[in-house]
Amino acid sequence: WGPLPRTLGASVPPELEATSGYDFGNSVNGDTYVFLLGSGLDGWSSSRADFVQLFGPCPLLPDFAYGTWFTYWHDYTEAEAKDDIQHWEGLNLPLDLWGLDMNWRRTENNLDHFYDYPNTTAFPDFLEFFAFLRSHNLRTFFNDHPFPIANRGQNGLQTSPEEVQFRWEGLRHWMEQGLTFWWFDANWGFSIPPPLLNTSVTGASLNGFDNVVWGSHVYYSAARRFDAMHRAPRNDLFYGRPVALSKFARGLGADPGMDPASYAELPAHHRYPVWWTGDQVSLQASVETMVDSGLHGFKPFVHSDCGGDWKGSEGSLLRWTAHCAFGSILRFHGADHRPWKYSGPTLDRIRAYLQVRYRLLPSLIAAGRKATETGRPLVARSDLFWPDEWGSSINTQYIFLEDLLVAPMFHLTAPLETTIPGEIAREVWVPPGDWEDAWDGSIVRGPVTLVVQQPSDRIPLWYRRDGAFIVLACDEATRVDDQDWSTLTLEVFPSAVASETRRFVAERGSSAEAAAGEARTELVLRTDGQGGVAVDIGDGPVRAWIVRLHLLPGQLAAGASLDGAALEPLESWLCHLGPGADTDTYFPLLGAGTAPASQAGPVAELRLPLGGRRSTVVTLTWAGR
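All values derive from a computational prediction rather than experimental measurement. (Residues numbered from 1 in each chain as written. Predicted model: local features only at pLDDT ≥ 70, side-chain atom pairs only at ≥ 80, totals over all residues. Heavy atoms only, no water.)

Re helix 3 (residues 126-135)
For helix 3, the set of buried residues is Phe-126, Phe-129, Phe-130, Phe-132 and Leu-133. In a view along the axis of helix 3, the buried residues occupy a sector of 155 degrees, so they form one face of it. Where helix 3 is buried, its residues contact helix 2 (78-90), strand 2 (97-98), strand 3 (141-144) and helix 4 (161-177). Between the side-chain oxygen of the N-cap and the backbone nitrogen of Leu-127 there are 3.2 Å, and the N-cap of helix 3 in question is Asp-125. Directly after helix 3, the chain includes Asn-137, whose backbone phi takes a positive value near 60 degrees. (Buried < 20%, exposed > 50% of the residue type's maximum accessible area, 1.4 Å probe, protein only. Helix = DSSP H or I, 4+ residues; strand = E, 2+ residues; numbered from the N terminus. Arc of directions from axis to C-beta. Contact = heavy atoms within 4.5 Å. Polar contact = N/O pair within 3.5 Å; in protein donor to acceptor, adjacent residues only side chain to side chain.)

A word on the sheet that holds strand 13 (residues 404-406)
Sheet strands pair via backbone hydrogen bonds, and the direction of the pair is either parallel or antiparallel. Read across the sheet, 6 strands follow the order 11-12-13-16-14-15 without closing on themselves; strand pairing throughout is antiparallel. Lying at the two open borders of the sheet, with one neighbouring strand each, are strand 11 (379-380) and strand 15 (443-454). As paired elements, strand 11 and strand 12 (residues 398-400) share 2 bridges and run antiparallel to each other. Residue Ala-380 lies in a different strand from strand 12, and its bridge partner there is Ile-399. (Pairing = 2+ DSSP bridges.)

Quick look at the pattern of salt bridges
A full pass over the atoms with the stated rule returns 37 salt bridges. The salt bridge involving Asp-144 is made with Arg-105; its shortest N-O contact spans 2.5 Å. Residue Asp-144 is located in strand 3, and its partner Arg-105 is located in the loop between strand 2 and helix 3; the two are separated by 39 residues in the primary sequence. Arg-105 sits in the buried class, given a relative accessible area of 5%. (Salt bridge = Lys/Arg side-chain N within 4 Å of Asp/Glu carboxyl O.)

A short note on the packing of helix 7 (residues 314-325) against helix 8 (residues 344-359)
Contact geometry for helix 7 and helix 8: axes closest at 9 Å, N-to-C directions at 5 degrees. Considering their axes alone, helix 7 and helix 8 lie roughly parallel with respect to each other. Every residue of helix 8 that contacts helix 7 at Glu-314, Leu-317, Leu-318, Thr-321, Ala-322, Cys-324 and Ala-325 is listed here: Thr-346, Arg-349, Ile-350, Tyr-353, Leu-354 and Arg-357. Per-class residue counts for the contact of helix 7 with helix 8 are 8 nonpolar, 2 polar and 3 charged. (Axes fitted to C-alpha atoms, helices over the stretch in contact; angles between N-to-C directions. Parallel < 35°, antiparallel > 145°, perpendicular 65-115°, else oblique. Nonpolar A, V, L, I, M, F, W, Y, C, P; charged D, E, K, R; others polar.)

Structure, rendered in structure tokens:
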């Protein structure tokens, strides 16, 4: 029941017949929950885990959702769509989802209030088009501005059997044809209202329960139930876990400086990912809402249309792409943001940012799993780590994947002065500890506020030097599913004091454990503070590992061991990679075999042979400053 028609043989109490099994009769005048946070950060983190246990977690995303999404406000034809996809592939641009906005169906004479009027002029055969997308290992989705049947004079409030039957049949039909999931769009003047309200007005609310939350529930639940009823029985794993694209909050979009309380939604909303911020959102507002929604709303996958609703300068698209690549969801939409429509250097830089996101997929997928379990977002405001520091609540920068400080560039109302023409500047609050600039290798110690400047193609980015532990893929795949994880790279930034960092690899595959997100390989980095680190690689699939130890200038690796046995001669196992000379062409996080930035210390790179499923401990020591 719920958002689906009543199944054969199902029973429901008579008093719930009219609402399709939903019970809105809770007579309690408000529920109150008190969270005792304790006196430290551990108590605060535990309270977030308690919250998701009480109200339900944000579900795991399908792995492909961490890749590149693309839509474009354009009246595509099938020939244009196929030509675009061939451009993505021919230019080696990573892509996992290609969707259609409104023009998948006819819109004249209110035909877009229904699901059975496809735009056959532009797409003569959607079955063939869906088959084409699947043959290219691409998922797809359609935009839907739903119109309630009650406002067509066909009876039935939102949870009535009539409305449920109409909505389910329309959504189901297209998923049966090959659509992966739906994009529930609540941006216009009409939408499905929350239960018990007979109105089509976007923004309708029932005691704070608005159509944004209700629509997210309906569209996510439709995908989940369709997968369970139709795809799972035939063991069709192509579509992955359920997902929907829906609005993050009521209203048209988001503006810079918005109070997070102004777009707060019901606690249930975080259970129906993913969410976008609507139309006409600036880069600054994208950063702020992504950061604040992860903290206050428990929604780790809020994002904006990457590139924006307008076609700006090449520098503008580069700044957007950099933020999205180091963000929750990377989804191009709005104006024409096809990378090949820009200059060659811009195309190359966009490709580099997309590739670094795909290289980070092992870390991204694991971080998504952690968000489900603990409520800790992938894009985190700094006070989730340093709540007592005065600058930690800034929402125009963030900690990404726990180890990267990211401060996207956007145009300020009163621009800061720069010393190099063409660059832009901004203030960045650097958290406590040592942080290494990912572009030039220089180290800054926080807490401190800096004015940093970069050209448009470089996002301000730092590595946490106090025990950062980043997992990278080695394979330059253009599809998430195609990426080879038989060798993974561990980027290790040892702390100057004794410390421990825990990470894991959320394993993929067709096993029940992998499908449920339960298969994992535990990773532990221990620094002794005296010139030694130990990397503990837990039980997991057979694979090779590359350990890259990021040393300080003047330091060199002095020894290595594997499960207690010395690796000798050392030079047969390990090589030192010196700093790169060309700062202008350097790009971070390129992984195995690549040199560090110009002012950084050397990287000691240790390649381990293909290992079994047992645990392995790698120890490295170094000498020097």
